Amino acid sequence: QENEGRTSTGSEMQRTNRPAAMSWETVKIITGDTVKTLTAIDKNVQVATLGPSIHDAQYGLKEVLGETLYALLEAADPVADPTLGGDAGLTTLYDTYCKGVLAWRTKQFHMRDSWGGATRNGVHTKSGEDYNNVDARGLSMLEDRPKARADNRETELLRYLNNLADTDTIKIAWRTSV
């Protein structure tokens, strides 16, 4: 389903046929440096190369949390404000559960992105000096560990949400998601 996007020009609004950008695609709720710290990604990996994988991981988290709870988390802006506006519930949710899911899912997705890429001559594995290329089977094995770690943390996240009191604002936001 395509949403009708809007762009503003001066004081008037114009309709476009482009879908509206989803926040998980444009706003980061975890930094590349945090991902590198939590997952021990090599220090030489450029943070900018993690961007697409971060956004994909955020989409997955939005699917787990639902749009309502994800929007609350995003509005609290954990990158700019680690206290999430002083909201203890959101801080616990983010620091204890969401951050790990995001970091390990990002690493999982980044493995494939860093393994190969398209060039004008086709798709090739990437390599640098003093490194040996990993074949596709080896790559699958390397992806399995961060995937398992992300899956484990997602399971703990869901257990946490399910065990919250029915009157808890976090659980209400999760249960009433659009």
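Okay, so let's go over this structure. Every value quoted in this text rests on a predicted model; they were computed, and no experiment measured them.

1. Looking at the overall build of the protein
If you tally the helices and strands in the protein, you get six helices and four strands. Its helices and strands taken in sequence order, the protein reads β-β-α-α-α-α-β-β-α-α from the N to the C terminus. Burial status across the protein gives 35% buried among its 178 residues. Partitioning the contacts of the protein with sequence separation of at least 6, the portion at a separation of at least 24 is 58%.

2. Details of the side chain of threonine 106
Its place among the elements puts threonine 106 in helix α4 (residues 88-115). With a relative accessible area of 0%, threonine 106 lands in the buried category. If we skip the residues at most four places from it in the chain, threonine 106 touches Val35, Leu50, Ser53, Ile54 and Ala57.

3. Examining the packing of aromatic side chains
Tallied over the full model, the rule gives one aromatic pair. Measuring from ring centre to ring centre gives 4.4 Å for tyrosine 97 and tyrosine 160, while their planes differ by 20 degrees; the resulting arrangement is stacked. Placement of the pair is tyrosine 97 in helix α4 and tyrosine 160 in helix α5 (residues 136-163), with a sequence separation of 63 residues. As far as burial versus exposure is concerned, tyrosine 97 and tyrosine 160 are alike and both buried.

4. Some thoughts on helix α2 (residues 32-39)
Along α2, the positions that sit buried rather than exposed are Gly32, Val35, Lys36 and Thr39. Along the axis of α2, the buried positions cluster into a sector of 100 degrees, meaning they face one direction only. Exposed residues on α2 whose side chains face more than 90 degrees from its buried face are Asp33 and Thr37. For α2, the secondary structure elements touched by its buried residues are α3 (51-76) and α4. At the exit of α2 stands alanine 40, carrying a positive phi of roughly 60 degrees.

5. Comments concerning α3
For α3, built from 26 residues, the straight-helix expectation of 38 Å at 1.5 Å per residue is missed by more than 12%, its first-to-last C-alpha distance being only 20 Å. Its maximal kink placed at glycine 66, α3 deviates by approximately 115 degrees. Trailing α3 by a residue or two, aspartate 77 shows a phi angle of about 55 degrees, which is positive.

6. Focus on the nonpolar core
Core analysis: the largest hydrophobic core is formed by 31 residues, its most contacted members being Leu61, Leu65, Leu69, Leu73, Leu93, Leu157 and Leu161. Those elements that place two or more of their residues in this core are α3, α4, α5 and α6 (169-175). Ranked by residues supplied to this core, first place goes to α3 with nine residues. When neighbours within four sequence positions are excluded, leucine 61 is seen to be in contact with Ile29, Tyr70, Leu73, Cys98, Val101, Leu102 and Leu157.

Reading the values: rules and limits
- Residues numbered from 1 in each chain as written.
- Predicted model: local features only at pLDDT ≥ 70, side-chain atom pairs only at ≥ 80, totals over all residues.
- Heavy atoms only, no water.
- Helix = DSSP H or I, 4+ residues; strand = E, 2+ residues; numbered from the N terminus.
- Buried < 20%, exposed > 50% of the residue type's maximum accessible area, 1.4 Å probe, protein only.
- Contact = heavy atoms within 4.5 Å.
- Phe/Tyr/Trp six-rings, centres within 6.5 Å; stacked < 30°, edge-to-face > 60°.
- Arc of directions from axis to C-beta.
- Expected span 1.5 Å × (residues − 1).
- Bend = angle between axes of the 7 residues up to and from the residue.
- Core = buried A, V, L, I, M, F, W, Y, C linked by side-chain atoms within 4.5 Å.

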